[in-house]
Structure formats: structure tokens, C-alpha cells
Amino acid sequence: MGVAIGAAIAVLTGIGAGIGIGLATGKAADAIARQPEAAGDIRSTLLIGCALAEATAVYGLVASILIIFFL
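What you see is a predicted model; the values in this text were computed from it and never measured. (Residues numbered from 1 in each chain as written. Predicted model: local features only at pLDDT ≥ 70, side-chain atom pairs only at ≥ 80, totals over all residues. Heavy atoms only, no water.)

This next bit is on the packing of helix α1 (residues 2-11) against helix α3 (residues 39-70). Contact geometry for α1 and α3: axes closest at 7 Å, N-to-C directions at 170°. Judged on the interaxial angle alone, α3 and α1 are roughly antiparallel. Facing Val3, Gly6, Ala7, Ala10 and Val11 of α1, the residues of α3 in contact are Gly60, Ala63, Ser64, Ile67 and Ile68. The residue inventory of the contact of α1 with α3, partitioned by class, reads seven nonpolar, three polar and no charged. (Axes fitted to C-alpha atoms, helices over the stretch in contact; angles between N-to-C directions. Helix = DSSP H or I, 4+ residues; strand = E, 2+ residues; numbered from the N terminus. Parallel < 35°, antiparallel > 145°, perpendicular 65-115°, else oblique. Contact = heavy atoms within 4.5 Å. Nonpolar A, V, L, I, M, F, W, Y, C, P; charged D, E, K, R; others polar.)

Spelled out as C-alpha cells, the structure:
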């Protein structure tokens, strides 16, 4: 029972990543709408930030899989 709870808590990192990526995408859309000539710079910064945020979700998934199979 404790293993399942631990794995569920580890997977909750996906919620934070989803919220972070959603907020970043919304702010990037606002920034591009206000300053279209900077769209390339904004887009590249957004992609790097989204990749880093998604990495935390993947780490949480890997941690939960390790908890399930090795504890």
C-alpha cells in the first residue's frame, strides 16, 4: 500500500510541469502578440523552458516506476 502511495506522489510532478508549460505558452503568446518581430527569440526560449519543465515530469515518472518495481 505504501509503495502505491509513494508512486502516486512521484507522478504528481506531471501536474506541476503541465501548469508550468501552460503558463509559459500563454505568456509567450502574449509576448509575440505585443512584439511580433521578436517571435524567433521568444519561441526558442519557450522551447528550452518547456523541455526543462517536461524533464521534471519524466523524472517523476521514472521515480514512480522505480518505486513500484524495486520496493
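That was the structure; now back to the text.
Right, let's talk about the environment of Ala17 for a bit. You can see Ala17 is positioned in helix α2 (residues 13-34). Note: C-alpha distance between Ala17 and Ile65 (48 residues apart in sequence) is 18 Å. The contact partners of Ala17, leaving out residues within four places of it in the chain, are Ala53, Thr56 and Ala57.

A cluster of nonpolar side chains, contributed by Val3, Val11, Val58, Leu61, Val62, Ile65, Leu66, Ile68, Phe69, Phe70 and Leu71, occupies part of the molecular surface with about 1,100 Å² of accessible area. Sorting the residues of the nonpolar patch by element identifies α1 and α3 as the ones contributing at least two each. Looking at which element gives the most residues to the nonpolar patch, the answer is α3, with eight residues. As for its placement among the helices and strands, Val62 is situated in helix α3. Among the residues examined, Val62 registers a relative accessible area of 41% and is labelled partly exposed. (Patch = residues over 30% accessible without salt bridge, like charges linked within 9 Å, V, L, I, M, F, W, Y side chains within 5 Å. Areas by Shrake-Rupley, 256 points an atom, 1.4 Å probe, with all protein chains shown as cover. Salt bridge = Lys/Arg side-chain N within 4 Å of Asp/Glu carboxyl O. Buried < 20%, exposed > 50% of the residue type's maximum accessible area, 1.4 Å probe, protein only.)

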